[in-house]
Amino acid sequence: MSRLFSVSQVTNYLRALLDGDEILSQVLVQGEISNFTHHSSGHMYFTLKDANSRLRSVMFRSNANSLQFVPQVGMSVIAQGNISIYERDGQYQLYVSSMRPTGQGKLYLAFLDLKEKLEREGLFEPEHKQRLPFLPKTIGVVTSPSGAALHDILSIIERRYPRAHVLVAPAIVQGAEAPASIVQGLEQLGQLPEVDVIIVGRGGGSIEELWAFNDEQVARAIFNCPKPVISAVGHETDFTIADFVADLRAATPSAAAEAVVPILAELEMSLVAWQNRLSIAMQNAILRKEHAAQAFSARLVQQHPERKLAELVQTLDGLDERLLRAMSDTLTGAAQQVQACATSLHALSPLAVLARGYTITLNQAGDIIRVPSQVEVGDKLETVVNQGRIYSKVISVGGIGHVTTDNGDCI
Amino acid sequence: MSQPITETASRLGFEECLQRVQSVVEQLEGGNLSLEKSLQLFTEGISMVRQCQAHLEEAEKKVELLLPERGNARRPLPLAEGSDIGV
């Protein structure tokens, strides 16, 4: 008994088979276009047919955009793409990546073959692409010295960067001798040390006229060139092998000239602008420092010793004043005390006793006479009384109760 | 494709010089540098501007035709508009 599958499983299985097939994943199919629809989404739907069979085909917008002709019903074409299954309808179809009318079928096939070969070899890899010099001193050009391409290149360079040095390697750019001539030009310019970048190209023409730029030797010469190479072949819509292998593909020779040199006037202006900005930045840097210095200077003044001194002097003055006041207060107090003392002293003074009628008697030696035995008759005595002194002579000496006569005789 | 030998080690190309000027300006504008460092950067910036100018003035305007049959000899190519510039 066989296994049971869903429709989707069958379709997915078939699709996996087709997608894994080496031939079907990259096929070239020749046929006539029928049932052509260019959908508003940009995708193209059509059928390729021959006398015996039909092949449903689709070309998505991203690929359809790069078509260099308008497909029409009845047109004979070679389509390149892969065959897979459209799941919804369960129908196999050709997913076209590129397409050419078969008018140039043979050349186109050769082009695709070579492109594939070189691509496999890695000649188109981005890591091989050299950066263009920003300011080339000498620009090499490999082209016909009498062609429109050279004229365009020179006039654009003249307009953008009038000081440029252009070195032209004259080359034959169409016909059987063209590839060898172009290769020679590339090799000559490539080995000159002063050459910084090389433009190789020609003006527009038929595919046959441009064919030298699809030559394998030319492609390899571009790849092996030690200098960055810009390809500039024909018009915007012309793609050649040279374009894929070059470090930069320019749509036209004029575009190549624009890519290779900057606009001198703009550079000079930009340089002046940067110089001004540099000067202003420096002035501002100095101003910032000045402001900082001023701020510090102001703070320094705050810290000046003189200012400190003034503060100290002020403190000192304050202290001085307090000292004087304290001193004066003290003196006043002392004076009052002295006055009080004097008053009490006065009360105790012997003079005050004299005033009350008492006397003090001194002998001639100045001793105070306290008892009668200190004197003898005839001694001279000094008696201190209130408001004066009395001098006298002893006429009699005796104890208490002793009475004398007027002449001093004891009774 | 080998690396192009465009600049000697001692001398920077126009683009490097210009980038250096830009970097110097940005550092200066950023502030917070010592005056000495600022002056050093400024001097460097001015020197880089001079180098840029030298680069711009260096190229010598000429258009020449390579004459391979005479051992890489050259002859000037007239540039006049519309003139015949045939080999």
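Each value, and the rule that gives it
- Residues numbered from 1 in each chain as written.
- Chains lettered and ligands numbered in written order.
- Predicted model: local features only at pLDDT ≥ 70, side-chain atom pairs only at ≥ 80, totals over all residues.
- Helix = DSSP H or I, 4+ residues; strand = E, 2+ residues; numbered from the N terminus.
- Buried ≥ 20, exposed ≤ 12 C-beta atoms within 10 Å, placed from the backbone.
- Contact = placed C-beta atoms within 7 Å.
- Pairing = 2+ DSSP bridges.
- Axes fitted to C-alpha atoms, helices over the stretch in contact; angles between N-to-C directions.
- Nonpolar A, V, L, I, M, F, W, Y, C, P; charged D, E, K, R; others polar.
- Expected span 1.5 Å × (residues − 1).
- Parallel < 35°, antiparallel > 145°, perpendicular 65-115°, else oblique.
- Right-handed = clockwise from strand over helix to strand, strands pointing away.
- pLDDT = per-residue confidence, 0-100.

S.K.: Break down the overall build of chain B for me, with residues and values.
M.R.: Counting secondary structure elements, chain B contains 2 helices and 2 strands. Helices and strands appear in chain B in the N-to-C order α-α-β-β. By the burial criterion, 23% of the 87 residues in chain B qualify as buried. For chain B, contacts bridging at least 24 residues in sequence account for 29% of all contacts bridging at least 6.

S.K.: Please give an account of unusual backbone geometry that cites residues and values.
M.R.: Residues and elements named next belong to chain A. One non-glycine residue, N35, lies in the positive phi region at around 50°. With respect to the helices and strands, the residue N35 is situated in strand 1 (residues 27–38). Of note, Q387 is a non-glycine position whose phi angle comes to about 70°, a positive value. Position of Q387 relative to the elements: it lies in the loop between strand 12 (380–385) and strand 13 (388–393).

S.K.: Describe the sheet that holds strand 10 (residues 248–250) of chain A, with residues and values.
M.R.: Pairing between sheet strands relies on hydrogen bonds along the backbone, with the strands arranged either parallel or antiparallel. Spatially, 10(A)-9(A)-8(A)-6(A)-7(A)-1(B)-2(B) is the arrangement adopted by the 7 strands of the open sheet, whose pairing is mixed. The sheet is open, and its two borders are formed by strand 10 of chain A together with strand 2 (73–76) of chain B, each paired with just one other strand. When strand polarity is set aside, the average angle formed by the axes of neighbouring strands in this sheet is 25°. As judged from the 5 bridges shared by strand 8 (residues 195–202) of chain A and strand 9 (residues 229–233) of chain A, these two strands associate in the parallel manner.

S.K.: Give a description of the interface of chain B and chain A that names residues and reports values.
M.R.: Taken residue by residue, the interface counts 42 residues in chain B and 41 residues in chain A. Listed by contribution, the elements that provide at least two residues to the side of chain B that touches chain A are helix 1 (14–30), helix 2 (35–58) and strand 1 (62–67) of chain B. Ranked by the residues each element gives to the side of chain B that touches chain A, the list is headed by helix 2 of chain B, at 11 residues. Looking at the side of chain B that touches chain A, its residues break down into 23 nonpolar, 11 polar and 8 charged. Relative to strand 1 of chain B, strand 7 (residues 165–170) of chain A is paired through 4 bridges, and the arrangement is parallel. By the bridge assignment for strand 1 of chain B, H165(A) is matched with K62(B).

S.K.: Any details on the environment of L28(B)? Residues and values, ideally.
M.R.: By the secondary structure assignment, L28(B) is in helix 1. A C-alpha to C-alpha distance of 9.3 Å links L28(B) and L39(B), two positions 11 residues apart in sequence. Dropping the residues within four chain positions of it, L28(B) is found in contact with A281(A), M282(A), A285(A), S38(B), L41(B) and F42(B).

S.K.: Explain helix 9 (residues 264–302) of chain A to me, and be specific about the residues and the numbers.
M.R.: With 39 residues, helix 9 of chain A should cover 57 Å at 1.5 Å per step; its first-to-last C-alpha distance of 57 Å lies within 8% of that length. Buried within helix 9 of chain A are the following residues: L267(A), L271(A), L278(A), A281(A), M282(A) and A285(A). On the buried face of helix 9 of chain A, the contacting elements are helix 1 and helix 2 of chain B.

S.K.: So, the sheet that holds strand 1 of chain A: which residues are in play, and what are the values?
M.R.: All names here are of chain A. The mixed closed barrel is built from 5 strands, whose spatial order is 1-2-3-5-4. Direction aside, neighbouring strands of the sheet carry axes that sit 50° apart on average. The pairing of strand 1 with strand 4 (residues 76–86) spans 6 bridges and is antiparallel. Bridged to V27 within strand 4 is G81. Contacts from helix 1 (residues 7–19) reach strand 4 and strand 5 (91–101) within the one sheet, and its direction differs from that of strand 4 by about 135°.

S.K.: So what about the packing of helix 5 (residues 178–191) of chain A against helix 6 (residues 216–224) of chain A? Which residues, and what values?
M.R.: Residue and element names in this part refer to chain A. Direction vectors running N to C along helix 5 and helix 6 enclose 10°, while the axes themselves pass 9 Å from each other. Accordingly, the angle class assigned to the pair helix 5 and helix 6 is roughly parallel. Mapping the contact onto sequence places P179, I182, V183, L186 and E187 in helix 5 and Q217, V218, A221 and I222 in helix 6. Its residues assigned to classes, the contact of helix 5 with helix 6 shows 7 nonpolar, 1 polar and 1 charged.

S.K.: Break down the pairing of strand 9 of chain A for me, citing the residues and quoting the values.
M.R.: Residue and element names in this part refer to chain A. By the criterion of burial, strand 9 is predominantly enclosed, with 5 of the 5 residues buried. What you see with strand 9 is no split at all: V229, S231 and V233 on one side and I230 and A232 on the other are buried throughout. Assessed by its sense of winding, the connection that carries the chain from strand 8 through helix 6 to strand 9 is right-handed.

S.K.: How would you summarise the packing of helix 9 of chain A against helix 2 of chain B if you had to cite specific residues and measurements?
M.R.: Two elements in contact, helix 9 of chain A and helix 2 of chain B, have axes separated by 10 Å at closest approach and are oriented at 170°. One finds that helix 9 of chain A runs roughly antiparallel with respect to helix 2 of chain B. In this structure, helix 9 of chain A uses L264(A), L267(A), E268(A), L271(A), W274(A), Q275(A), L278(A), M282(A), A285(A) and K289(A) to contact helix 2 of chain B, whose residues at the interface are L35(B), S38(B), F42(B), G45(B), I46(B), V49(B), C52(B), Q53(B) and L56(B). Broken down by class, the residue content of the contact of helix 9 of chain A with helix 2 of chain B amounts to 13 nonpolar, 4 polar and 2 charged.

S.K.: For helix 4 (residues 148–160) of chain A, give the residues involved together with the corresponding values.
M.R.: Relative to the 18 Å expected for 13 residues at 1.5 Å per residue, helix 4 of chain A spans 18 Å between its end C-alpha atoms, a close match to the ideal helical length. The set of residues buried in helix 4 of chain A consists of A149(A), L150(A), H151(A), D152(A), I153(A), L154(A), I156(A) and I157(A). On the buried face of helix 4 of chain A, the contacting elements are strand 6 (138–143), strand 7, strand 8, strand 9 and helix 8 (253–260) of chain A together with strand 1 of chain B.

S.K.: Please provide a residue-by-residue account of the environment of S396(A), values included.
M.R.: As for its position among the elements, S396(A) is in the segment after strand 13. C-alpha separation for the pair S396(A) and E376(A), spaced 20 residues apart in sequence, amounts to 7.6 Å.

S.K.: An account of the confidence of the model for chain A is requested, with residue identities and associated values reported.
M.R.: Where the model shows low pLDDT, its predicted coordinates should not be examined in detail. Chain-level pLDDT for chain A is 88 on average; 96% of the residues reach the 70-or-more range. Taken element by element, the predicted model of chain A shows its lowest mean pLDDT in helix 11 (residues 350–355) of chain A (77) and its highest in helix 6 of chain A (96).

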